[in-house]
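# Examination of the molecular architecture
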Amino acid sequence: MNVPFYRHDLTADDAVAVANVLQSPFLTSGNVGRDVEERLCAYFGTKHALLVNSWTNGAAAVLLALDIAPGDEIIVPAQTFIATANVAELIGAKAVFVDVDPATLLMRPDLVRAAVTRRTRAIIPVHLYGQMVDIAALQEVLSDRPDIVIIEDAAHCFEGELNGEKPGTRSGCAIFSFYATKNVTCGEGGAVVTNDTALYERLLQTRMHGMSAGAIDRFKLGGYRHWDMEKIGMKANLPDLLACLLPSQIDTIDARLPRRDDLFAVYERAFADTPIRLPVTIGNSRHARHLFVIHVPPTIRDEAIRVFGENRVGVTVNYRAVPTVTYYKKKYGFTPGSYPVSETWGAGTISLPLFPSMTAEEQGHVIDTVRSKIVPMIEAAQATVAR
Ligand SMILES: Cc1ncc(COP(=O)(O)O)c(C=O)c1O
């Protein structure tokens, strides 16, 4: 049996949505996207939502809107996808890494506080794998620095909640990714949600070159309107051709979460009596169940990936610690042991297949492979260390 790492849920109905946009004269960002933005505001309970063509471009547009510039510092977790740190570097600011909690793999407010300097302009907590960082706790340790903006990386956390609050509720903004494997997807895309009207208004410009009006507004009522450009911006808008795939998913996302919950629970039960390490689930929260990750001894991780491949189970790695990649190593001179939790987790983690249409047979094959092939490898590695 062949189990892919991911299988999307888009159907023939979605092809109809694309065909409808093709029949309209307006292919780029227009009324379809505006409708999606309204749905996002309703879902997250935020004043504003803005579609973007990726998390990465949306985040860069946010940093430009906040006038973050060379010399400024942005604190990011060492355990995340490179994009979280790259956006700081892209605009010439410095990504400052902090280690994460060993149980949850989430950013630790105490380590963030210790990394703050007078140059710190923003913090990007990452709701890794689908669990939310405690934004209220972060705000508490930063209470003497209200100038520091919290930008939530909610790429994994569309459905997530903590203490009844969704991403974007109390921070500067939250940014989502609609990349191909995300819980809500349109192939490539993203969204920024915020309650900060001033940020939203600047973001409308930095999302579109810095122009004072987007295409749909320039041609409103048939008359051309001149635009101005006061600050530099990105080309980060999402075309209606992609935005049209989102409404059906936003409307059904909560109904689809129980299926992800079930798949998670089956994996957790199947691995409970094995030496496999899993991230700890936080209480009083709703987990978006984006990725199911396991941890094996780093000495056998690459061999385990090969064995998964041999057994036709699609797996991936989310993620090796960001400061260990060549760019950051060269730039900031990484010394092993600087981010012990992220380094150890990143050297041993493997993500297993998880998607709502996964069948019991498919999940059974993944579990059999883990229990019959990977667990003996872990036990052998642990016996060698114990000897
Ligand atoms: C945690 C995290 N942040 C940011 C991104 C970047 O998202 P995008 O591909 O939409 O730019 C990803 C994408 O996988 C991610 O997993």
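Predicted model, so just to flag it, every value in this text is computed and none were measured. (Residues numbered from 1 in each chain as written. Predicted model: local features only at pLDDT ≥ 70, side-chain atom pairs only at ≥ 80, totals over all residues.)

### Concerning unusual backbone geometry
Residue Tyr 319 is bonded to the preceding Asn 318 through a cis peptide linkage, with omega at 5°. Note on placement: Tyr 319 falls in the loop between α11 (301–310) and α12 (326–332). Even without being glycine, Asp 67 reaches a positive phi, approximately 60°. Inspection of the secondary structure assignment puts Asp 67 in the loop between α3 (55–65) and β2 (73–77). Assessed through the 11 C-beta atoms surrounding it within 10 Å, Asp 67 is described here as exposed. (Helix = DSSP H or I, 4+ residues; strand = E, 2+ residues; numbered from the N terminus. Buried ≥ 20, exposed ≤ 12 C-beta atoms within 10 Å, placed from the backbone.)

### Details of the site of the ligand
Looking at the ligand, there are 14 residues lining it, with Ser 54, Trp 55, Thr 56, Ala 155 and Ser 177 nearest. Of all the elements in the fold, those that place two or more residues in the shell around the ligand are α3 and α4 (82–90). In terms of residue class, the shell around the ligand is built from 6 nonpolar, 7 polar and 1 charged. (Near = placed C-beta within 6 Å. Nonpolar A, V, L, I, M, F, W, Y, C, P; charged D, E, K, R; others polar.)

### A short note on the sheet that holds strand β1 (residues 48–52)
Backbone-to-backbone hydrogen bonds pair the strands of a sheet. The strands run either parallel or antiparallel. Taken in spatial order, the 7 strands of this open sheet run β1-β8-β7-β5-β4-β2-β3, and their pairing is mixed. Of all the strands in the sheet, the pair left with one neighbour each is β1 and β3 (94–98). With strand direction ignored, the average angle separating the axes of adjacent strands in the sheet is 25°. The pairing of β1 with strand β8 (residues 190–194) spans 5 bridges and is antiparallel. Within the sheet, the bridge partner assigned to His 48 lies in β8 and is Thr 194. Sheet contacts for helix α2 (residues 31–44): β1 and β8; angle to β1, the most-contacted strand, approximately 130°. Packing of α3 onto the sheet brings it into contact with β1, β5 (149–153), β7 (173–177) and β8, and relative to β7 it is tilted by some 155°. (Pairing = 2+ DSSP bridges. Axes fitted to C-alpha atoms, helices over the stretch in contact; angles between N-to-C directions. Contact = placed C-beta atoms within 7 Å.)

### Looking at the domain arrangement of the chain
For the chain, the assigned domains read domain 1 (12–248) and domain 2 (255–386). One C-alpha centre belongs to domain 1, the other to domain 2, and the line joining them spans 27 Å. Contacts between the two partners involve 26 residues from domain 1, matched on the other side by 24 residues from domain 2. Residue assignment for the side of domain 1 that touches domain 2 shows that the elements contributing at least two residues are α4 and β6 (161–162). Residues of the side of domain 1 that touches domain 2, tallied by class, amount to 14 nonpolar, 9 polar and 3 charged. (Domains from an automatic or database assignment.)

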